[in-house]
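Listed below are the residues making up each chain.
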Amino acid sequence: AGSATPSLDDGVYTKHGKKDVYYKISTSLPEDGINEYWRKAVVDVTTKAPAPDLQGNSDPSKIDDLARWLVTNQPISLAVNAPRPLGFKLGQDLFEKTAQVVYTVGSTNDPRAPPALSCQARPQEAEVFGEFPPRKSLDTYTKYPVVVPSS
């Protein structure tokens, strides 16, 4: 079940060579009203980093643009990756300006603090973050299970 798969005709998404997974890497934020391809493995990576530079300076307008996008589009989770410890400042700035449910902060320069990954669910679509079917039937409902050890 779920939504249709992304079109490859427009060149926006790339399909993984062996898996039913689609991805896009962009330097700009996705358009408002992004198609989330419900129950499909589709990843949008934005490298429009409002991250602080190595001296801790960041462009407030880029942070505000990202915060506005997050508030408008309301993803549940946010992964922030930047050089440690500057990523924590960026994470704090976004925490103070948005209402995400899950924040994950990782580093891009310290192997003891790997990059942050994130997963998303949308309660308005009747999904519940952290809800799993019985383990013996997990493959019936998903191809890419996510286990959250802290839940």
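Residues numbered from 1 in each chain as written. Predicted model: local features only at pLDDT ≥ 70, side-chain atom pairs only at ≥ 80, totals over all residues. Heavy atoms only, no water.

**Observations concerning the overall build of the protein chain**
Thinking step 1. The number of helices and strands found in the protein chain is three helices and five strands.
Thinking step 2. Ordering the α and β elements of the protein chain from the N terminus gives β-β-β-α-β-α-β-α.
Thinking step 3. Within the protein chain, the fraction of its 151 residues that count as buried is 28%.
Thinking step 4. Summed over all atoms, the accessible surface of the protein chain reaches about 10,300 Å², with 54% contributed by carbon and sulfur. (Helix = DSSP H or I, 4+ residues; strand = E, 2+ residues; numbered from the N terminus. Buried < 20%, exposed > 50% of the residue type's maximum accessible area, 1.4 Å probe, protein only. Areas by Shrake-Rupley, 256 points an atom, 1.4 Å probe, with all protein chains shown as cover.)

**A short note on the packing of helix α1 (residues 60-73) against helix α2 (residues 86-97)**
Thinking step 1. At a minimum axis distance of 10 Å, the contact between α1 and α2 shows a crossing angle of 45 degrees. Taken together, the axes of α1 and α2 lie oblique to each other. Crossing of α1 over α2 shows right-handed handedness. On α2, the residues touching Ile-63, Asp-64, Leu-66, Ala-67, Leu-70 and Val-71 of α1 are Leu-90, Asp-93, Leu-94 and Lys-97. (Axes fitted to C-alpha atoms, helices over the stretch in contact; angles between N-to-C directions. Parallel < 35°, antiparallel > 145°, perpendicular 65-115°, else oblique. Left-handed = near helix turned anticlockwise from the far one by under 90°. Contact = heavy atoms within 4.5 Å.)

**Points about the pattern of salt bridges**
Thinking step 1. Across all of its chains, the model carries six salt bridges by this definition.
Thinking step 2. Linking Asp-65 and Arg-68 is a salt bridge whose minimum nitrogen-to-oxygen distance equals 2.7 Å. With a gap of three residues between them, Asp-65 and Arg-68 both fall in helix α1, about one helical turn apart.
Thinking step 3. One salt bridge connects Arg-84 with Asp-110, and the closest N-O pair in it is separated by 3.8 Å. Taken together, the residues Arg-84 in the loop between β4 (77-82) and α2 and Asp-110 in the loop between β5 (102-107) and α3 (138-141) connect sequence positions 26 residues apart.
Thinking step 4. Taken together, the shared-partner salt bridges connect Arg-84, Asp-110 and Arg-112 into one network. (Salt bridge = Lys/Arg side-chain N within 4 Å of Asp/Glu carboxyl O.)

**Let's talk about the confidence of the model for the protein chain**
Thinking step 1. Taken as a whole, the protein chain shows an average pLDDT of 74; of its residues, 68% reach a score of 70 or greater.
Thinking step 2. When mean pLDDT is taken per element in the protein chain, strand β1 (residues 14-15) scores highest with 92 and α3 scores lowest with 67. (pLDDT = per-residue confidence, 0-100.)

**Quick look at a nonpolar patch on the surface**
Thinking step 1. Taken together, the side chains of Tyr-23, Ile-25, Val-43 and Val-45 present a nonpolar region at the surface, about 340 Å² in accessible area.
Thinking step 2. Counting residues per element, the ones that place at least two in the nonpolar patch are β2 (21-26) and β3 (41-46).
Thinking step 3. In this structure, Val-45 sits in strand β3.
Thinking step 4. On the basis of relative accessible area, Val-45 is assigned to the partly exposed category, the value being 35%. (Patch = residues over 30% accessible without salt bridge, like charges linked within 9 Å, V, L, I, M, F, W, Y side chains within 5 Å.)

**A word on the environment of Gly-91**
Thinking step 1. Position of Gly-91 relative to the elements: it lies in helix α2.
Thinking step 2. The class of Gly-91 is buried, set by a relative accessible area of 10%.
Thinking step 3. Between the alpha carbons of Gly-91 and Val-80 there is a distance of 6.3 Å; along the sequence they are eleven residues apart.

**Quick word on the environment of Asn-109**
Thinking step 1. Turning to its location among the elements, Asn-109 is positioned in the loop between β5 and α3.
Thinking step 2. Between the C-alpha atom of Asn-109 and that of Arg-84, which follows or precedes it by 25 residues, the distance is 6.4 Å.
Thinking step 3. Contact partners of Asn-109, with chain neighbours within four places excluded, come to Pro-83 and Arg-84.
Thinking step 4. In terms of polar contacts, Asn-109 uses its side chain to reach the backbone amide nitrogen of Arg-84, at 2.8 Å. (Polar contact = N/O pair within 3.5 Å; in protein donor to acceptor, adjacent residues only side chain to side chain.)

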